[in-house]
Amino acid sequence: MATQILMPALSPTMTEGKLARWLKKVGDDVRAGDVIAEIETDKATMEVEAVDEGKLAKILVEEGAEGVAVNTPIAVLGVDGEDVSAAPAPAPKAAPAEPKVAEDAKAIADAAAPRKPSTVREALRDAMAAELKADDRVFLMGEEVAQYQGAYKVSQGLLEEFGPKRVIDTPITEHGFTGMAVGAAMNGLKPIVEFMTFNFAMQAIDQIINSAAKTLYMSGGQMGCPIVFRGPNGAASRVAAQHSQCYASWYAHCPGLKVVAPWSAADAKGLLRAAIRDPNPVIFLENEILYGQSFELPTAEDFVLPIGKAKVEREGTDVTLVAFSIMVGVAMKAADALAEQGISAEVINLRSLRPLDIDTVAASVKKTNRIVTVEEGWPFAGIGAEVNMQIVEHCFDWLDAPPARVHGLDVPLPYAANLEKLALPQPDWVVAAVKKLI
Amino acid sequence: MAQAAEAKKRGKARTGLSKEELLRGYRDMLLIRRFEEKAGQLYGMGLIGGFCHLYIGQEAVVVGLQMALRGGDQVITSYRDHGHMLATGMEARGVMAELTGRATGYSHGKGGSMHMFSKEKNFFGGHGIVGGQVSLGTGLGFANWFRGNDNVCLTYFGEGASNQGQVFESFNLAALMKLPVVYVIENNKYGMGTSVERASASRDLSKNGAAWGIPGMQVDGMDVEAVHEAGEAAVAHCRAGKGPYLLEMKTYRYRGHSMSDPGKYRTREEIQKMRSERDCIEQARGKLGELGVDEAEIKRIDDEVKRIVQEAADFAQSSPEPDASELWTDILVEG
């Protein structure tokens, strides 16, 4: 009986991939464990091993095909003499799971500058490459950043371009290498420390807070610490509680740090360049799910964004939605849904959490008279709590309804697909929160 | 004997310090001793607050090692840091004024006893979290490696901190990258009130880097000449690009862990025995006598040190407290 070989999912966030190469041809015998093809995912090129045995009867997806959805049949295995003509026809290209380019032109309209589409991943890489080129004190270190090209492919090509002294693989010892990077910064270098995810930075949080954030103050201004700590933050996809946590409010709590959380490719590139140039320690909270998303990105050589400025992504008159990182996308979708119901929502992308651009938020609230914050993290002492409190302090008299917040549920993030979805803010949560206020 | 006679003729002491160098060492150790005694007094008078960890007894370690360094090398240590600062040449008055929390202190009164720095003297603190400075010192050495110069970072920590995970992470990193870091374990026998035997399964801390191939040496930390000699070897190893080196300094603190230590974990006799038989300053004074330094010269040094310390104490008490506006400075580098 013929067996279909399906496009495998090779990472938690993979929804599609490129069938880079077939290593077997029609008519070849295949045994379990044989490498039959190479597939490029969003993170790496992977070998696909056969699970079943038989003769490769038909190839359904030719090599070079891009955007092949997970679970698409890519070949058929048959036993000798079997007729496999009834096998399914080659699969169509997968429909993209997410819109590849942000539809709202305003989403990226900083100016009328020339733009091209870029993923967040490419934008981050380009930002590091530009600053590595501009300043020979800058270097990148972390787990798998060099030879492996980045656990999430963010540092792809940097080792080749800048060499092993500027792009350094470390052992899996966050506490030690973070302290080492902070010491290097105190001694005049400008390290970029990549944490494979911010969950692992908890091992190093003492060095980040006690050494990086406080030494300038404790030394009476003598010892600065120009350093960037970056990596994916928050939930990814089905990696459960220890690998899915938002650290925004942990770091934003601390004087002596700057905390940045980009959403779009423009945010990623412009803010990362600013972070690397900044003479202070900057926590740069990325998001794994955003890495593969495309946005229009200004092409100007000197494109950089200021830290500490929020961006109005969409103008509106009835309610202000305040979000950061991946939740900006959720707020934008909620704004679309609200528009269909005749409610005009203004969406603010905070971009920077410390310093917090409360002026931009307050100006918006004075216009809309309502605020709903949207964050993926837990509510207790969260960013939403802080933004809303500051709004109460700044423009209480303009509020027509109590400030409201949408947030991840107050539970460790569960593994099961349905439970995970139930725990993370969805656009309809935002819609429901807004409708309570209007 | 012939060698000793020859050494004496050249003005050299037995293990390598010249008469002038030993005089300098004596003076620097005495300065630390008298400074710390004065700090203890001021603490008792309520002029110094918070935690205050005195270095009395351990002076030979920093003084001997500092003589093995040259301009451009870095020093970093823990919270028992007053001696290290004075050894690097930081001014006694600025250190004492920081202890009293005054505007004229090295950190403008915002760091205190445990957190002081001097960019000018390449002293990188003064760190309050046990073991934290070990990774930082590894990073200071990393910067030397990155720049391709042959400067060395002296990274001090106590035998208590030597059990911290990040210390071993740092050993691995430094050995892996061949970083120029001399790790100095100041083994004063007690991590707060817990003796080294009760805290570490390692009986020879100089071998704690052996798994990574880091050479180590146990040194009589009460003998400034022995310390200096070991320091020269360790620093030369690092300068030659051979990677890190580990020195275990066998030393002793006469005072409590901090000012509030009741000291029930050891006997008075134990302390008295170290003081009377092994004291680094007394040993140096004896050697100077053998080298023909007369009492008048010693007295001149004693008087100079006394004057510096008194002047520092006066300065630290008469300087103003920091202005309230200092609360909001140096949180971030502007611009």
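One numbering rule holds for all chains: residues counted from 1, following each sequence as written. Numbering of ligands from 1 and lettering of chains from A proceed in the order in which they are written. Totals for whole chains, interfaces and linings use every residue, but because this is a predicted model, local features are given only for residues with pLDDT of at least 70 and side-chain atom pairs only at 80 or more, for both listing and counting.

Moving on: the sheet that holds strand E17 (residues 311-314) of chain A. Residues and elements named next belong to chain A. Spatially, the 5 strands line up as an open sheet ordered E17-E19-E18-E21-E22, and their pairing is mixed. The sheet terminates laterally at E17 and strand E22 (404-406), the two strands that pair on one side only. With strand direction ignored, the average angle separating the axes of adjacent strands in the sheet is 25°. Along the sheet, helix H10 (residues 358-368) makes contact with E17, strand E18 (319-323), strand E19 (345-349) and strand E21 (371-374), crossing E18 at roughly 155°. Strands were regarded as paired on the criterion that DSSP finds at least two bridges between them. Helix and strand definitions here come from DSSP, where helices need a minimum of 4 consecutive H or I residues and strands a minimum of 2 consecutive E residues; each element is numbered from the N-terminal end. Angular values range over 0 to 180 degrees, each being the angle between N-to-C directions of two axes fitted as lines to C-alpha atoms, with helices fitted over their stretch in contact. Placing C-beta atoms from the backbone, we regard two residues as in contact once those atoms come within 7 Å.

Bringing the nonpolar core into the picture now. We call a set of buried Ala, Val, Leu, Ile, Met, Phe, Trp, Tyr and Cys residues a nonpolar core when their C-beta atoms link them within 7 Å. Remark: C-beta atoms are placed from the backbone, and a residue is labelled buried if 20 or more other C-beta atoms sit within 10 Å of its own, exposed if 12 or fewer do, or partly exposed between those counts. A:Leu321, A:Ala331 and B:Val182 are the most contacted members of the largest nonpolar core, which totals 195 residues. Of the domains in this structure, domain 2 (116-298) and domain 3 (311-437) of chain A are the two that each give at least three residues to this core. Counting 18 residues, the second largest nonpolar core, distinct from the first, contains A:Leu19, A:Leu56, A:Val76 and A:Leu77. Segmentation of the chain into domains, including their bounds, is taken from an automatic or database domain assignment.

Glancing now at the pairing of strand E2 (residues 16-22) of chain A. Residue and element names in this part refer to chain A. The sheet contact formed by E2 and strand E7 (residues 68-69) spans 2 bridges and is antiparallel. Note that in E7 the partner of Gly17 across the bridge is Val68. Pairing of E2 with strand E4 (residues 35-40), which is carried by 4 bridges, proceeds in the antiparallel orientation. Within E4, the position partnered with Leu19 by the bridge is Ile39.

Turning next to the confidence of the model for chain B. pLDDT expresses how confident the predictor is about each individual residue, on a scale running from 0 to 100. In the predicted model, chain B carries a mean pLDDT of 94, and the fraction of residues at 70 or more is 95%. Considering only residues more than four positions removed or in separate chains, one finds that residues 7-13 of chain B, a stretch of pLDDT under 50, has 10 contacts.

This brings us to the packing of helix H3 (residues 174-186) of chain A against helix H6 (residues 132-147) of chain B. One can describe the packing of H3(A) onto H6(B) by two numbers: an axis separation of 6 Å at closest approach and a directional angle of 55°. Considering the angle they form, H3(A) stands oblique to H6(B). Classified by chirality, the crossing of H6(B) by H3(A) is right-handed. Each of A:His175, A:Gly176, A:Gly179, A:Met180, A:Ala181, A:Val182, A:Gly183, A:Ala184 and A:Met186 in H3(A) lies in contact with H6(B), whose residues at this interface are B:Gly132, B:Ser135, B:Leu136, B:Gly137, B:Thr138, B:Gly139, B:Leu140, B:Phe142, B:Ala143 and B:Phe146. For the contact of H3(A) with H6(B), the class distribution of residues is 10 nonpolar, 9 polar and no charged. Roughly parallel covers angles under 35 degrees, roughly antiparallel covers those over 145, roughly perpendicular covers 65 to 115, and oblique covers all other angles. If you view the pair so one helix is near and one far, a crossing is left-handed when the near helix is turned anticlockwise from the far one by less than a right angle, and right-handed when it is turned clockwise. For this classification, the nonpolar set comprises Ala, Val, Leu, Ile, Met, Phe, Trp, Tyr, Cys and Pro, the charged set comprises Asp, Glu, Lys and Arg, and every other residue, Gly included, is treated as polar.

Residue and element names in this part refer to chain B. In this model helix H9 (residues 224-239) runs 22 Å from its N-terminal to its C-terminal C-alpha over 16 residues, within 8% of the 22 Å that 1.5 Å per residue would give. Contacts from the buried residues of H9 go to helix H2 (19-44), helix H3 (59-66), strand E3 (181-187), strand E6 (216-220), strand E7 (245-250) and helix H11 (280-290). At the C-terminal side of H9, Gly241 shows a positive phi close to 80°. Expected helix span is computed as 1.5 Å times (number of residues minus one).

Turning to the interface of chain B and chain A, a few remarks are in order. Across the contact, 32 residues belong to chain B and 34 residues belong to chain A. Those elements that place two or more of their residues in the side of chain B that touches chain A are H6 and helix H7 (165-177) of chain B. Here the side of chain B that touches chain A gets 10 residues from one element, more than from any other, and that element is H6(B).

All names here are of chain A. Within strand E10 (residues 138-142), 5 of the 5 residues are buried, leaving the element largely enclosed by the surrounding structure. Residues Val138, Leu140 and Gly142 point to one face of E10 and Phe139 and Met141 to the other, with burial holding for every one of them. The sheet contact formed by E10 and strand E12 (residues 190-194) spans 5 bridges and is parallel. Each residue of the ladder has a partner; that of Phe139, found in E12, is Pro191. In this structure, E10 lies alongside strand E11 (residues 167-169), joined through 3 bridges in parallel fashion.

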